Amino acid sequence: MRFHNHRSGQITEYYKEGRQQNLKEHLYKAMTPGPETERTMIFYHHSRVDGLVKREETAMAMTEYFTNRQDFLHYRNIQFGKRPKKLEPANAAPSHNPRPILKITNKFHRNPKKSANEDIAELVFQIKDDRIQLMFHHQSSNITASTREFIKPPNANDKGSILSFAPDLTQTFQVNPHQKNAKNLEVYTMLVDMVNLEDKTVLAVRESEEEVREILENRLNEEARSDLVISVYDTERNEKAKQHRLDREKLLLEEKKRREEMELDYLAPFLAQKGDPERLNKDQAMELKLDCLADLKHRLIDKANLIQARFEKETAELQKKQQWYQQNQVNMLKEDEEEYLEYCSEAMFRIHILELRLNRHKELAPIKYNSLVQRLQTDARLAEFF
């Protein structure tokens with residue numbers, strides 16, 4: 001059903017349940033029906049996995065409202081900047097040159113399983129300024145709330161790298177002055193979680209933009225042709241549903257093939273040493289398998305030795321510093337003692353991180369080894385011999 005208010009220029013469309021994105025109502029201006037313009041979309045939230053109730057959009061902002069989510073998120077506001085000008089084809093999709101995200105504000109309902117000082121009420125990603133701001137929920141006895149702010153480390157956007165951290169990258173305000181300050185490791189873990197959450201939130205925003213474009217594209221296609229209403233359960237006559245299913249299967253197959261092609265061929269360097277034979281005999285296959293497993297084993301051992309060496313070096317330097325302190329503590333100034341304590345705190349933090357990495361490596365090493373064994377046994381070039 002559609003209502004067109006010619007005086008205000010606003011169009012309101014109503015939809016029954018069962019649409020792909022569970023759209024319920026759509027309000028927009030007749031003069032600007034395209035994406036990234038003023039519009040409001042209301043959804044059947046009980047049919048959506050993300051609990052989205054409403055999405056409001058303008059050229060420079062988007063606001064989403066949620067309900068009944070496990071993470072207690074109920075509000076998200078995104079501020080966009082002007083799209084940078086790029087040389088690209090005239091028919092290029094907006095997703096190829098997305099609007100830059102300046103700021104994302106998330107608001108959460110109270111989680112009764114957490115204390116107010118640990119339960120985030122508002123989380124702001126100042127993406128333009130590389131800052132992350134947290135405001136926690138109020139306790140009933142307080143008129144204000146605790147806050148914390150992070151400055152993202154320079155290597156925060158380097159995939160797979162360990163985030164650098166220093167105490168001056170964060171500042172906090174605690175309502176309760178008697179509350180114990182969080183340890184460096186706890187603060188570092190929170191920073192890592194927030195950086196990861198920012199990446200996931202940005203991805204969710206891009207998916208929301210893509211969903212709006214998909215809804216509008218579907219509406220254009222629906223307006224362009226008039227089809228009989230055929231039940232989705234009528235598989236013989238519902239050509240749209242059948243074609244949609246075939247298209248999705250084709251896309252999934254292409255994506256799977258693309259991923260397989262992108263995966264590193266673990267046998268390639270060992271086959272190259274043998275002149276890349278077209279067919280292997282049993283002895284060659286056995287030798288390839290043993291060489292490949294031995295190479296992985298050496299790399300795992302080398303990595304463990306490297307972490308162990310760094311761990312032992314940090315431990316030795318800390319012990320040396322402690323011995324120096326024992327010998328000179330009588331004549332030390334207060335500033336020297338504070339410097340020593342700060343050094344010990346940072347050194348113990350580094351030692352703890354290295355210990356965690358070493359233990360994690362020991363846990364994953366046999367899993368990686370067994371995984372390679374299974375992949376070798378199922379590899380088409382070796383499977384007939386094992």
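Here the structure is a predicted model, which means the values were calculated and not measured.

What counts and how
Residues numbered from 1 in each chain as written. Predicted model: local features only at pLDDT ≥ 70, side-chain atom pairs only at ≥ 80, totals over all residues. Heavy atoms only, no water. pLDDT = per-residue confidence, 0-100. Helix = DSSP H or I, 4+ residues; strand = E, 2+ residues; numbered from the N terminus. Phe/Tyr/Trp six-rings, centres within 6.5 Å; stacked < 30°, edge-to-face > 60°. Buried < 20%, exposed > 50% of the residue type's maximum accessible area, 1.4 Å probe, protein only. Pairing = 2+ DSSP bridges. Expected span 1.5 Å × (residues − 1). Contact = heavy atoms within 4.5 Å. Polar contact = N/O pair within 3.5 Å; in protein donor to acceptor, adjacent residues only side chain to side chain. Bend = angle between axes of the 7 residues up to and from the residue. Salt bridge = Lys/Arg side-chain N within 4 Å of Asp/Glu carboxyl O. Axes fitted to C-alpha atoms, helices over the stretch in contact; angles between N-to-C directions. Parallel < 35°, antiparallel > 145°, perpendicular 65-115°, else oblique. Nonpolar A, V, L, I, M, F, W, Y, C, P; charged D, E, K, R; others polar. Core = buried A, V, L, I, M, F, W, Y, C linked by side-chain atoms within 4.5 Å.

J.: In this structure, what is going on with the confidence of the model for the chain? I would like to understand it.
T.: As a general rule, the predicted coordinates of low-pLDDT regions are not to be interpreted in detail. When pLDDT is averaged along the chain, the result is 86, and 92% of the positions lie at 70 or above. For the chain, the element scoring lowest by mean pLDDT is helix H2 (residues 239-262), at 75; strand E6 (residues 61-66) scores highest, at 97.

J.: So what exactly am I meant to see when it comes to the packing of aromatic side chains here?
T.: A complete count under the given rule lists four aromatic pairs for this structure. Considering the side-chain rings of Tyr65 and Tyr75, the 5.7 Å spacing of their centres and the 70° angle between planes classify their relative orientation as edge-to-face. Residue Tyr65 is located in strand E6, and its partner Tyr75 is located in strand E7 (residues 73-80); the two are separated by 10 residues in the primary sequence. In this structure Tyr65 comes out as partly exposed when scored by relative accessible area, which is 28%. For Tyr75, a relative accessible area of 18% corresponds to the buried category. Between Tyr325 and Tyr340, the aromatic rings sit 4.1 Å apart at their centres with planes inclined by 0°, giving stacked as the arrangement.

J.: Explain the pairing of strand E2 (residues 10-14) here, please?
T.: Regular strands place their side chains on alternate faces of the sheet. Across four bridges, strand E1 (residues 2-5) lies against E2 in antiparallel orientation. Across the sheet, Asn5 pairs through a bridge with Gln10, a residue of E2. Bridge analysis of E2 against strand E3 (residues 23-29) gives five bridges, and the strand direction is antiparallel. Bridging from a neighbouring strand, Gln10 pairs with Lys29 of E3.

J.: Explanation requested: helix H4 (residues 282-328) in the structure shown.
T.: The α-helix winds at 3.6 residues per turn, so residues separated by three or four positions along the chain end up facing the same way. When the terminal C-alpha atoms of H4 are compared, their 69 Å separation across 47 residues agrees well with the 69 Å that a helix rising 1.5 Å per residue should span. Those residues of H4 lying buried are Ala285, Leu288, Lys289, Cys292, Leu293, Leu296, Leu300, Ala304, Ile307, Glu314, Leu318 and Tyr325. In this structure, the buried side of H4 is in contact with helix H3 (268-273) and helix H5 (334-378). Where H4 begins, the side chain of Asn281 points an oxygen toward the backbone nitrogen of Asp283, at a separation of 3.2 Å.

J.: Would you take a moment to explain H5 for this structure?
T.: Spanning 45 residues, H5 covers 66 Å between terminal C-alpha atoms, matching the ideal 66 Å at 1.5 Å per step. At Leu364, H5 shows its largest kink, close to 30°, and the proline Pro366 lies no more than four residues downstream.

J.: In this structure, what is going on with the environment of Phe80? I would like to understand it.
T.: Among the secondary structure elements, Phe80 is positioned in strand E7. Considering only alpha carbons, one finds Phe80 and Asn181, 101 residues apart in sequence, at a separation of 36 Å.

J.: Looking at this structure, how should I read the pattern of salt bridges?
T.: When their charged atoms lie close together, side chains carrying opposite charge are able to pair. Inspection of the entire model under this criterion finds 26 salt bridges. In this structure, Glu56 and Lys54 form a salt bridge, with 3.3 Å as the shortest nitrogen-oxygen distance. Lys54 gets classed as partly exposed once you look at its relative accessible area, which sits at 25%. With its nearest N and O atoms 2.6 Å apart, the salt bridge here joins Glu223 to Arg219. With Glu223 and Arg219 both in helix H1 (residues 184-224), this residue pair falls four residues apart, about one helical turn. Assessed through its relative accessible area of 12%, Arg219 is described here as buried. Members of the salt-bridge network, linked through shared partners, are Glu36, Arg39, Glu57, Arg83, Arg99, Arg206 and Glu209.

J.: When you look at the sheet that holds E7 in this model, what are you seeing that I'm missing?
T.: The strands making up a sheet associate through backbone hydrogen bonding, with each pair oriented either parallel or antiparallel. If you walk across this open sheet you meet the 12 strands as E1-E2-E3-E4-E5-E6-E7-E8-E9-E10-E11-E12, and the pairing is antiparallel. In this open sheet, the two strands that pair with only one neighbour each are E1 and strand E12 (170-173). When the angles between neighbouring strand axes are averaged without regard to direction, this sheet yields 10°.

J.: It is not clear to me how the packing of H1 against H5 should be interpreted in this structure. Could you clarify?
T.: How two helices sit against one another is set out by the angle between their axes and by the gap between those axes. Remark: H1 packs on H5, axes separated minimally by 10 Å, with the N-to-C direction vectors making an angle of 55°. Considering their axes alone, H1 and H5 lie oblique with respect to each other. Contacts from Asn184, Leu185 and Tyr188 in H1 reach Ser345, Phe349, His352 and Ile353 in H5. For the contact of H1 with H5, the class distribution of residues is four nonpolar, three polar and no charged.

J.: What should I look at first to understand the nonpolar core in this one?
T.: Across soluble globular proteins, you tend to see nonpolar side chains buried next to one another. Judged by nonpolar contacts, the single largest core of 33 residues is most densely connected at Leu123, Ile132 and Leu134. Listed by contribution, the elements that provide at least two residues to this core are strand E4 (39-43), E6, E7, strand E8 (101-108), strand E9 (120-126), strand E10 (131-136), H1 and H5. Looking at this core element by element, the count peaks at nine residues for H1. Those residues in contact with Leu123, other than ones at most four positions away along the chain, are Ile104, Thr105, Asn106, Phe108, Ile132, Gln133, Leu134, Met194 and Leu197. Counting residues in hydrophobic clusters, the runner-up holds 16 residues, among them Leu280, Cys292, Leu296 and Ala365.

J.: Help me out: how do you make sense of the side chain of Glu211 in this one?
T.: Here Glu211 is to be found in helix H1. The exposure class of Glu211 is buried, given its relative accessible area of 14%. Side-chain polar atoms of Glu211 contact the side chain of Arg48, separated by 3.1 Å. Here Glu211 is in contact with Gln21, Phe43, Arg48, Leu52 and Arg55, once residues within four sequence places are set aside.

J.: Just checking my understanding: could you explain unusual backbone geometry for this structure?
T.: Residues other than glycine seldom take positive phi values, yet Phe72 does so here, at roughly 65°. Looking at the secondary structure, you find Phe72 in the loop between E6 and E7. Phi is positive for Asp130, close to 55°, though the residue is something other than glycine. Here Asp130 is to be found in the loop between E9 and E10.

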